[in-house]
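Observations on the three-dimensional arrangement
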Amino acid sequence: MNDAATDGFDSSVADRLAAEALIVDVDGFEGPLDLLLSLGRTQKVDLRQVSVLQLARQYLAFVDKAKALRIELAADYLVMAAWLAFLKSRLLLPPDPAEDDPSGEDLAAHLAFQLERLQAMRDVAAKLMARDQLGRDFFARGVTQEVERVRKVNYTATLLDLMQGYARIRTKDEFRPYVMDRDAVFTMEQALERLRGLIGFAGAWTDIATYMPDGWDADPARWRSATASTFAASLELVKEGKVEIRQSDAFAPIELRRTEAQ
Amino acid sequence: MTDDTEFQSDRPVEQGEDRQSLFEAPPMVEQERMVEAILFATAEPVTVKDLNDRMPHGADAAEALVHLRKRYEGRGVNVVKVGDAWAVRTAPDLGFLMQKETVESRKLSRAAIETLAIIAYHQPVTRAEIEEIRGVSVSRGTVDQLLEMEWVRFGRRRMTPGRPVTFVVTQDFLDHFGLESARDLPGLKELRAAGLLENRPPPGTTPQVGEGDLDADEEAQEGQSELFED
Amino acid sequence: MTDDTEFQSDRPVEQGEDRQSLFEAPPMVEQERMVEAILFATAEPVTVKDLNDRMPHGADAAEALVHLRKRYEGRGVNVVKVGDAWAVRTAPDLGFLMQKETVESRKLSRAAIETLAIIAYHQPVTRAEIEEIRGVSVSRGTVDQLLEMEWVRFGRRRMTPGRPVTFVVTQDFLDHFGLESARDLPGLKELRAAGLLENRPPPGTTPQVGEGDLDADEEAQEGQSELFED
């Protein structure tokens, strides 16, 4: 593709050069340096040996022609023209030993260097584009496999943690006989189980107290535990969307009913 | 084409030879390279017909595939048949390389450790029994976590009313803690000998209330707070 | 880890051995398979570091790559170096088989191609330097296009007045043109020998010559060395 591009460019430059006697196509050049390079190439010599003086004359003639044809020249073409006119005079006149400015030869050498460098860059650009290219001459893997990111939480515990944990529990037991003292606790799981069984019947608003387990009202501690767990369980059911809950006022009875299917 | 030349024997021999060499299939090793490149660069699996269509005239993709497949045997990628087409795929045993694991280490919560310890020391044990021993209700999440870590699994159901499930520790658990069996867990005596069973609780735990029943309330509170934690 | 065990010779031998075997790298032939699988799984070049990160502890991807590269020499796909990363690519001589896979690349303007070449050969290079070499101002769009294609990126700022940004070529650029490093750019040596990569300021420019020149020299050196780093 680039070969074609550069070739196309070359041929179009050749075309332009051929037609130049009549048409000054300034737009066809990428600036004064490009124009100078084209002019330099018509000298058909190595750019190192290019005659900058001749080049300056060619350029100035070109600019004069453009002016005669009333072609608007961009400012940088005119700047270059002025500089080349200056360079020309420097090259033609003997150097003034009193002056500290760079000699015409130095300036000319630098211009030649610039031209050679630009040409060199164009040559390597063509070489680069002529290389085998990915997706055109050689190819990458057609089907790729993404690396899957797996986030893993690794919980750690040492045997010491385990033993200390167990010791902690058993130490509590050291101080009292191993008894079932948990019978004063009505767990939320128990309350939830109980509520789930009964809630189907609660079509109308019913006081939460009616769901308390039987026989737990004798002991205040048990009653307290049962109240707390039943309340927590009913909240859980509200969260699940199974029941609605309301309380008209602080300390007023808490009522619930099952959510009607919609 | 080769058939043609055979039949038209009246043609000059040189021409026939010319045409033959013109259409001669590339050497098999070249064909193998071609199949290799096509399978590599194509997104979809490629059928033998497609391969032959894309390769120079006279090539035998099926044969090249046989060679290529053999060449990739035991390699990091293999030539595999997908339906009636062929593709290059990662060797199954190297799938783990396609995963990037980020591992986060977290300390197991106190509730989980205690629950785990109880299961280890008392297995098989029901949830109610765990709660009995810990003195607080065990949240669903705690047991789920231990199950998920595969340190605990369900044991046989207890033959008591309600047929509750029991929990036991797993081989993974034993491996993690470097135990031959749960029986190797140090007993109470050894815990005491190791200074782990002092009558003072380790720092940071609930202060011990001397007499039994008094701490029931506290326990209940602890249970509650745990109930609302997760 | 193994170092540890070597130094702490007072440890029981069995333990040291245990730990070593625990972290022993897989055999080189296995490592080669792993590198093969990883490189085949992705279209992007993978760095040696990434390879080592993904392979088991103790693996030496760099060595495995040497073997793998040799194994794929002359095959339909090759193991190629791209900057400091590695990739598998089809052999360039088989491009003709891949018409189907060919992606119509965006046509670059002449200005873009020249600008790209200047960046590649002169990197790190400022916009002003590109303009100085081309003799015209570089349009924003040209550089933007190259940045967008991810063939060039911003390099370090130049330590000269105004601290201008510099441009350098990317790994994608190397990958696209099949270059191991910027050192392998075609004709680079000749250009350097001819002095055409020097940053030669126009004679008699500017009163700030002294400092400016020194800086420029340093920069040029830095640029060169960067080109040679890889």
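Now for a description of the structure that goes with this document. As the structure is a prediction and not an experimental result, all values here were calculated from the model.

Side note on the sheet that holds strand 6 (residues 166–169) of chain C
All names here are of chain C. Strand order in the open sheet made by the three strands is 4-6-5, with antiparallel pairing throughout. Because the sheet does not close on itself, it has two edges, and the strands there are strand 4 (125–126) and strand 5 (152–154). Pairing of strand 4 with strand 6 involves two bridges; the strand directions are antiparallel. Each residue of the ladder has a partner; that of Val125, found in strand 6, is Phe167.

Re helix 3 (residues 28–41) of chain C
All names here are of chain C. Look at helix 3: 20 Å from first C-alpha to last across 14 residues, which is about the 20 Å you get at 1.5 Å a residue. Counting buried residues along helix 3, 11 of its 14 residues qualify, which places the element largely inside the surrounding structure. Inspection of helix 3 places Gln31, Glu32, Arg33, Met34, Val35, Glu36, Ala37, Ile38, Leu39, Phe40 and Ala41 among the buried residues, and these make up the whole buried set.

What to know about the packing of helix 6 (residues 110–122) of chain B against helix 8 (residues 140–148) of chain B
Residue and element names in this part refer to chain B. Interhelical geometry of helix 6 versus helix 8 gives an angle of 65 degrees and a closest axis separation of 10 Å. One way to sum up the angle between helix 6 and helix 8 is to call them roughly perpendicular. Regarding helix 6 and helix 8, the two cross each other, and that crossing is right-handed. Side by side, helix 6 and helix 8 meet where Ala111, Ala112, Thr115 and Leu116 of the first sit next to Thr142, Gln145 and Leu146 of the second. Here the residues of the contact of helix 6 with helix 8 are counted per class, giving four nonpolar, three polar and no charged.

Overview of the nonpolar core
Ranked by size, the top nonpolar core spans 49 residues in total, and within it B:Leu39 and C:Leu39 carry the most contacts. Those elements that place two or more of their residues in this core are helix 3 (28–41), helix 5 (61–71), strand 2 (77–82) and strand 3 (85–90) of chain B together with helix 3, helix 5 (61–71), strand 2 (77–82) and strand 3 (85–90) of chain C. Here B:Leu39 is in contact with A:Arg141, B:Val46, B:Leu51, B:Leu65, B:Leu68, B:Val79, B:Trp86, B:Ala87 and B:Val88, once residues within four sequence places are set aside. By size, the runner-up hydrophobic cluster in this structure holds 38 residues, among which are A:Leu128, C:Ile133, C:Val143 and C:Leu196.

Cut-offs applied
- Residues numbered from 1 in each chain as written.
- Chains lettered and ligands numbered in written order.
- Predicted model: local features only at pLDDT ≥ 70, side-chain atom pairs only at ≥ 80, totals over all residues.
- Heavy atoms only, no water.
- Pairing = 2+ DSSP bridges.
- Helix = DSSP H or I, 4+ residues; strand = E, 2+ residues; numbered from the N terminus.
- Expected span 1.5 Å × (residues − 1).
- Buried < 20%, exposed > 50% of the residue type's maximum accessible area, 1.4 Å probe, protein only.
- Axes fitted to C-alpha atoms, helices over the stretch in contact; angles between N-to-C directions.
- Parallel < 35°, antiparallel > 145°, perpendicular 65-115°, else oblique.
- Left-handed = near helix turned anticlockwise from the far one by under 90°.
- Contact = heavy atoms within 4.5 Å.
- Nonpolar A, V, L, I, M, F, W, Y, C, P; charged D, E, K, R; others polar.
- Core = buried A, V, L, I, M, F, W, Y, C linked by side-chain atoms within 4.5 Å.

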